[in-house]
Amino acid sequence: MTIPKDTSGPSSSATANPLPVDAARTIIRSALTPVETTEHVALRAALGRVLARDIVSPIDVPAHDNAAMDGYAFAYGTHPRQAPFALAVAGEARAGHPFERSCGALECVRIMTGAPMPAGCDTVVPQEFATRTGSSVTFDAQAIVPGANCRRAGEDLARGRPALKSGRIIRPADLGLLASLGVAEVAVRRRVRVAFFSTGDELRSIGEPLDTGAVYDSNRYTLHAMLARLDIEALDLGVVRDEPETIEAALRAAAGSADVVLTSGGVSVGDADLTARMTATFGDVAFWQLAMRPGRPLAFGRLWPDGRAAGSRSALYFGLPGNPVAVMVSFYQFVREALVVMSGAIAPGPLQFAAASSAAIKKRPGRTEFLRAVATRDAAGRWSVAPTRSQSSGVLSSMSEANCFIVLAHDQGDVPAGENVEIMPFEGLI
Ligand code: AMP
Ligand code: MG
């Protein structure tokens, strides 16, 4: 992978041209390679993991034709079909207790849901359309439908057919489906490893006193949580002070033990903001600045902890902004997709649809904006959306309050109240 180099560096960002969001996505996508190692896990532990190979069904599911209703099973072809015509009840079939002999002409079998269809039978009449008199039964004429109420062998999954494709993120239904095949263990890709740390002399860990100008480090908690939702192996390297040597050591250590390194803070220009500058000595950086809000100072590149000799190990690097909302927006807009691709998953992107904006929105063309917003659905099923009161990139409570992003495209201008905007619901994304 070659990452196009941005030689402008953070120090010249005042003059640097911020990269449009779509161009940044293209650069990031071209840098991604899925992890290859696979491991075998017990079925329950496979939830949320990425399937490493196709699962081919070793059996028919269901294994036998069986009844879909409680009623009476018989061979449609041998029924006289001129109701009322009594059939003799030859016996009973219950789930787990098949009727052992075959069912003859003018005979039927009392059958319960899930019981195997007796030999010769192909049709079930539900019990509510049957009238039983002693050991014989008659059916309502309209209820005698050929092949009705019978689940066919292999109708759910046919033997030899792919049941689940490689790259699938295993969901609850898949776990049950694998169990229905008798699969006890599955091959999954190893988890992507992500190492992350926060930078900033003002940051304090929970439990420490807050002296003047200090803030608690919240980014490591949001990052921890966002990674946990993606089933990522996360390595929290704590808070790192704004000192070049300390940051360099932390970046090298992180890159030496992970596939992806995330940092927060320090990408923007400023004397104490040294993270970005440091990467220049042992990494490539494709971009520093994006035409987006929030999240303008976002770095992406690659780190070589042991130097850049051919074949030496490397890790992807995302230098996220420091502002707590900007961290989350850049994670969801860039890091999330990168981690999904690296995990080997073939997964659709997040849901996005139109909703009427209940407020007028000021928007300058030339950058993509992600507003925190609350979407609601009225009684008629129409969606409308209102931006949260604060759109400051430092106000984390606006993320808590919101249930979606409003996505305003690069070229979009002001939005009048009532006009449709694209929204990206948190459900499914977060
Ligand atoms: P920076 O990008 O380092 O200039 O930080 C931008 C703003 O985000 C500053 O107000 C920082 O104090 C704040 N900030 C940076 N890192 C964190 C963090 N880990 N937790 C909470 N706030 C942070
Ligand atoms: Mg900082």
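Please read all numbers here as calculations on a predicted model, not as lab measurements. (Residues numbered from 1 in each chain as written. Chains lettered and ligands numbered in written order. Predicted model: local features only at pLDDT ≥ 70, side-chain atom pairs only at ≥ 80, totals over all residues. Heavy atoms only, no water.)

### Quick look at the site of ligand 1
Part 1: With respect to spatial proximity, 15 residues lie near ligand 1, and among them Glu202, Asp217, Ser218, Asn219 and Gly266 are the closest.
Part 2: In this structure, Asp217 approaches ligand 1 through a side-chain N or O atom, which is 2.7 Å from a nitrogen atom.
Part 3: One of the backbone nitrogen or oxygen atoms of Asn323 is found 3.3 Å away from an oxygen atom of ligand 1.
Part 4: In isolation ligand 1 offers 490 Å² of accessible surface; the protein chains occlude 77% of this area.
Part 5: Grouping the amino acids of the shell around ligand 1 by side-chain chemistry returns three nonpolar, nine polar and three charged. (Near = heavy atom within 4 Å. Polar contact = N/O pair within 3.5 Å; in protein donor to acceptor, adjacent residues only side chain to side chain. Areas by Shrake-Rupley, 256 points an atom, 1.4 Å probe, with all protein chains shown as cover. Nonpolar A, V, L, I, M, F, W, Y, C, P; charged D, E, K, R; others polar.)

### Section: the pattern of salt bridges
Part 1: Scanning the model with the defined rule gives 18 salt bridges in all.
Part 2: A salt bridge links Glu92 to Arg94; the nearest nitrogen and oxygen atoms lie 3.3 Å apart.
Part 3: When its relative accessible area of 41% is taken as the criterion, Arg94 is described as partly exposed.
Part 4: Among the charged side chains, a network of salt bridges with common partners joins Asp201, Arg241 and Glu243. (Salt bridge = Lys/Arg side-chain N within 4 Å of Asp/Glu carboxyl O. Buried < 20%, exposed > 50% of the residue type's maximum accessible area, 1.4 Å probe, protein only.)

### A short note on the pairing of strand β20 (residues 297-303)
Successive residues of a regular strand alternate their side chains across the two faces of the sheet.
Part 1: β20 sits mainly inside the fold: seven of its seven residues count as buried.
Part 2: A two-sided burial pattern is seen for β20, the buried positions comprising Pro297, Ala299, Gly301 and Leu303 on one face and Leu298, Phe300 and Arg302 on the other.
Part 3: Sheet topology places strand β18 (residues 283-289) next to β20; five bridges connect them, and they run antiparallel. Within β20, the position partnered with Val285 by the bridge is Gly301.
Part 4: Inspection of the sheet shows β20 paired to strand β21 (residues 315-320) by five bridges, in the antiparallel sense. Bridging across to β21, Phe300 finds its partner in Phe318. (Helix = DSSP H or I, 4+ residues; strand = E, 2+ residues; numbered from the N terminus. Pairing = 2+ DSSP bridges.)

### Side note on helix α2 (residues 172-180)
Part 1: For α2, the set of buried residues is Asp174, Leu175 and Leu178. Within α2, the buried residues cover an arc of 105 degrees as seen down the axis, which keeps them to one side. Exposed residues on α2 whose side chains face more than 90 degrees from its buried face are Pro172 and Ala173.
Part 2: Elements in contact with the buried residues of α2: β2 (55-56), β11 (162-164) and β12 (185-189).
Part 3: Within two residues after α2, Gly182 carries a phi angle of roughly 80 degrees, on the positive side. (Arc of directions from axis to C-beta. Contact = heavy atoms within 4.5 Å.)

### Brief notes about the packing of helix α1 (residues 21-30) against helix α6 (residues 324-342)
Part 1: Relative orientation of the contacting elements α1 and α6 amounts to 20 degrees, with a least axis distance of 11 Å. With respect to α6, the axis of α1 lies roughly parallel. With respect to the hand of their crossing, α1 and α6 are arranged in right-handed fashion. Counting all contacts with α1, which are made through Val21, Ala24, Arg25, Ile28 and Arg29, the residues of α6 involved are Gln333, Phe334, Glu337 and Ala338.
Part 2: Classifying every residue of the contact of α1 with α6 by side-chain character gives five nonpolar, one polar and three charged. (Axes fitted to C-alpha atoms, helices over the stretch in contact; angles between N-to-C directions. Parallel < 35°, antiparallel > 145°, perpendicular 65-115°, else oblique. Left-handed = near helix turned anticlockwise from the far one by under 90°.)

### Things to note about the domain arrangement of the chain
When the parts of a complex come together, some accessible area is lost, and that lost area is often taken as the interface size.
Part 1: Domain annotation of the chain identifies domain 1 (21-37 + 190-342), domain 2 (42-60 + 157-186), domain 3 (66-151) and domain 4 (353-425).
Part 2: Averaged C-alpha coordinates put domain 1 and domain 4 at centres separated by 27 Å.
Part 3: On the side of domain 4, 16 residues touch domain 1, which itself brings 16 residues to the contact.
Part 4: Between domain 1 and domain 4 the total buried area reaches about 1,300 Å² when both faces are included, carbon and sulfur atoms providing 68% of it.
Part 5: It is Arg293, Val325 and Gln333 in domain 1 that bury the most area against domain 4; as a group they hold 42% of the surface buried on that side.
Part 6: Of all the secondary-structure elements, those providing two or more residues to the side of domain 1 that touches domain 4 are α1, β19 (292-293) and α6.
Part 7: The element that contributes the greatest number of residues to the side of domain 1 that touches domain 4 is α6, accounting for seven residues.
Part 8: Considered class by class, the residues forming the side of domain 1 that touches domain 4 number ten nonpolar, four polar and two charged. (Domains from an automatic or database assignment. Buried area = accessible area lost by both parts, 1.4 Å probe.)

### Structural notes on a nonpolar patch on the surface
Part 1: A cluster of nonpolar residues, Ile206, Leu210, Tyr216 and Tyr221, forms a patch on the protein surface that exposes about 430 Å² of accessible area.
Part 2: Residue placement: Leu210 occurs in the loop between β14 (203-204) and β15 (215-216).
Part 3: In this structure Leu210 comes out as partly exposed when scored by relative accessible area, which is 44%. (Patch = residues over 30% accessible without salt bridge, like charges linked within 9 Å, V, L, I, M, F, W, Y side chains within 5 Å.)

### Some points on the sheet that holds strand β17 (residues 260-264)
Part 1: Taking strand neighbours across the sheet as the criterion, the six strands line up as β16-β13-β17-β21-β20-β18 in an open arrangement whose pairing is mixed. Unpaired on one side and paired on the other, β16 (233-240) and β18 mark the two borders of the sheet. Averaged over all neighbouring strand pairs, the angle between strand axes comes to 15 degrees, with direction disregarded.
Part 2: Both strand β13 (residues 193-199) and β17 contribute to a ladder of five bridges, which runs parallel. Paired with Ser198 across the two strands is Ser264, which belongs to β17.
Part 3: The strands that α1 touches are β18, β20 and β21; relative to β18, the one it contacts most, it runs at about 160 degrees.
Part 4: Sheet strands touched by helix α3 (residues 219-229): β13, β16, β17 and β21. Its angle to β13, the strand with the most contacts, is close to 165 degrees.

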